[in-house]
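Notes for the structure review
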Amino acid sequence: MKTFRIGGVHPAENKLSAGKAIETLALPKQAVFPLSQHIGAPATAIVKKGDVVKVGTKIAEAGGFVSAVIFSSVSGKVNKIDSVIDASGYRKPAIFIDVEGDEWEESIDRSTELVKECNLTPEEIVAKIKNAGIVGMGGACFPTHVKLTPPPGCKAECVIINAVECEPYLTADHRLLLEKSDEILVGVQILMKAAKVNKAYIGIENNKPDAIQLMTQKAAAYPGIEVVPLKVKYPQGGEKQLIDAIIGRQVPAPPAIPINVGAVVQNVGTAYAVYEAVQKNKPLFERVVTVTGKSLKNPSNFLTRMGTPMSQLIEAAGGLPEDTGKVIGGGPMMGKALVNIEVPICKGSSGVLIMNEKEARRAEPQPCIRCAKCVSACPMGLEPFLLATCSAHGDWERVEHEKIMSCIECGSCQFTCPSHRPMLDYIRLGKGKVGGIIRARNAKK
Ligand code: SF4
Ligand code: SF4
């Protein structure tokens, strides 16, 4: 069975909510929309206090080509334009909407009937995706229309759908595969047309045999779409790892991107959002979110309107357990501890993980024993110990030379370290600094 070639680890899967069908979460009392919930320029608010909006009303315009529009997920009245702490822990400008009723824009087709036929041109599809505010829903939040607009000289050869969901605990994509298989397959066909290719692969890890079986059986009716079962290994959901696993090509170091080796990679949630946008005129304003944890009463998968506070999801899953040590936005490997649980669900929010006190406790870091386990685990072929140590000492020149910007922040190094070195914290710090230095250098050119 296929997998990627360099590094990787095997954390405990803990897919506690895999058997839980997607439930629709109740509407929040107030929905909060950070203007920056994608990679690129923040969006610009186009509503003001007192404005009345419906579900699906555009409330913020894209701030540039690499940016995304934002739609209201609720009907009601704009309470204020203010700021909110989001899952990154930073305060961001945001639109606050008080919810009244649930009135949708009439342009949205709310029927559940499957619409297979799509007669739009590739350019029209890309425009629809852009106008629906779709971004990568695996967490990276890169605007989808940008990925479908190859730079000059690059040509896509295939679409690769990331249905790996290799983060422990998370099951939102797994449930989507089981419950929206046809819509996803139509979405993949639309993405193939937009990318002007006639081949697509859907990569699913072997710990989801029900999804592999269902998607393989259904894909037979969709020419050019192949389901690829993959050996379980973290971080297979990383774009570069997935490309290597499926088509055996390695994306060179940045600034190279997947299209340089002919691949357009999209998350399975994104394929579903593309179906809804193109075939149902429905912009991106809701998503499936896993709420999970060993001490949580009822780990679940909720279809959640954007802007809903995470506290509401936790409440619906049985409430915050007494022994809570940490609440993480995302999974345990790449997620970040939340500053508070009122953080709103955004386009990239795939999960909320509640760690109990025992799990949350970090072991005391010990001196490095030079075992090189972190080097063997790194899927990018880096030297994590060196990057972390040089970052801790502020040696930015060295870490740039050692390719710190290639780090995908997967946490495999830290996971595997017998001395519990907090490598990822330092590497993230180093990436932030070096990224700033590179931007400043480019701006001078
Ligand atoms: S976090 Fe970065 S350095 Fe550590 S294993 Fe992942 S890619 Fe390598
Ligand atoms: S895994 Fe930990 S102990 Fe081993 S070389 Fe890397 S940092 Fe040092």
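Quick caveat, the model's predicted, so the values are computed rather than measured. (Residues numbered from 1 in each chain as written. Chains lettered and ligands numbered in written order. Predicted model: local features only at pLDDT ≥ 70, side-chain atom pairs only at ≥ 80, totals over all residues. Heavy atoms only, no water.)

The next point concerns the pattern of salt bridges. On inspection of all chains with the given rule, the structure shows 23 salt bridges. One salt bridge connects R305 with D102, and the closest N-O pair in it is separated by 3.1 Å. Residue R305 is found in strand 14 (residues 300-305), and its partner D102 is found in the loop between strand 8 (91-99) and helix 1 (122-131); the two are separated by 203 residues along the sequence. Judged by its relative accessible area of 10%, R305 is buried. Since its relative accessible area comes to 34%, D102 is described here as partly exposed. Salt-bridge contacts for R398 lead to E402; the nearest nitrogen and oxygen are separated by 3.2 Å. Owing to a relative accessible area of 22%, E402 belongs among the partly exposed residues under this scheme. Three or more residues joined by partner-sharing salt bridges are found here, namely D102, E276, K282, E286 and R305. (Salt bridge = Lys/Arg side-chain N within 4 Å of Asp/Glu carboxyl O. Helix = DSSP H or I, 4+ residues; strand = E, 2+ residues; numbered from the N terminus. Buried < 20%, exposed > 50% of the residue type's maximum accessible area, 1.4 Å probe, protein only.)

Between its first and last C-alpha atoms helix 4 (residues 181-195) spans 21 Å; for 15 residues at 1.5 Å apiece the expected length is 21 Å, and the two agree. The buried fraction of helix 4 amounts to 12 of the 15 residues, a majority that puts the element mostly inside the structure. All of the buried residues along helix 4 are S181, E183, I184, L185, V186, G187, V188, I190, L191, M192, A194 and A195. After helix 4 finishes, the residue K196 shows a positive phi value of roughly 60 degrees. (Expected span 1.5 Å × (residues − 1).)

With that settled, the discussion passes to the pairing of strand 8. Inspection of the sheet shows strand 2 (residues 30-34) paired to strand 8 by five bridges, in the antiparallel sense. When the bridges of strand 8 are listed, Q30 appears paired with D98. Here strand 7 (residues 76-85) runs beside strand 8; their pairing, made up of nine bridges, is antiparallel. Directly across from V78, in strand 8, lies its bridge partner I97. The hairpin turn running from strand 7 into strand 8, its antiparallel successor, is five residues long, and G89 in that turn takes a positive phi close to 90 degrees. (Pairing = 2+ DSSP bridges.)

Time to look at the packing of aromatic side chains. On inspection of all chains with the given rule, the structure shows one aromatic pair. Look at W104 and F285: their rings are 5.2 Å apart centre to centre, the planes differ by 80 degrees, and that puts the pair in the edge-to-face class. Placement of the pair is W104 in the loop between strand 8 and helix 1 and F285 in the loop between helix 7 (268-280) and strand 13 (286-292), with a sequence separation of 181 residues. Given a relative accessible area of 12%, W104 falls into the buried group. (Phe/Tyr/Trp six-rings, centres within 6.5 Å; stacked < 30°, edge-to-face > 60°.)

Before going further, it helps to examine the pairing of strand 13. Of all seven residues that make up strand 13, seven are buried, and the element is covered over most of its length. Taking every second residue as pointing to the same face, both faces of strand 13 are buried, with E286, V288, T290 and T292 on one and R287, V289 and V291 on the other. Here six bridges tie strand 13 to strand 14, and the two strands are oriented antiparallel to one another. In the strand pairing of strand 14, R287 is matched with T304.

The subject of this paragraph is the site of ligand 2. Taken together, 13 residues lie near ligand 2, and C368, C371, A372, C374 and C417 sit nearest. The residue makeup of the shell around ligand 2, split by class, is nine nonpolar, one polar and three charged. (Near = heavy atom within 4 Å. Nonpolar A, V, L, I, M, F, W, Y, C, P; charged D, E, K, R; others polar.)

Another aspect to go through is the site of ligand 1. Near ligand 1 lie 13 residues; those nearest to it are C378, C407, C410, G411 and C413. Breaking the shell around ligand 1 down by element, the ones donating at least two residues are helix 13 (412-416) and helix 14 (423-444). Taken together, the residues of the shell around ligand 1 sort by class into 10 nonpolar, two polar and one charged.

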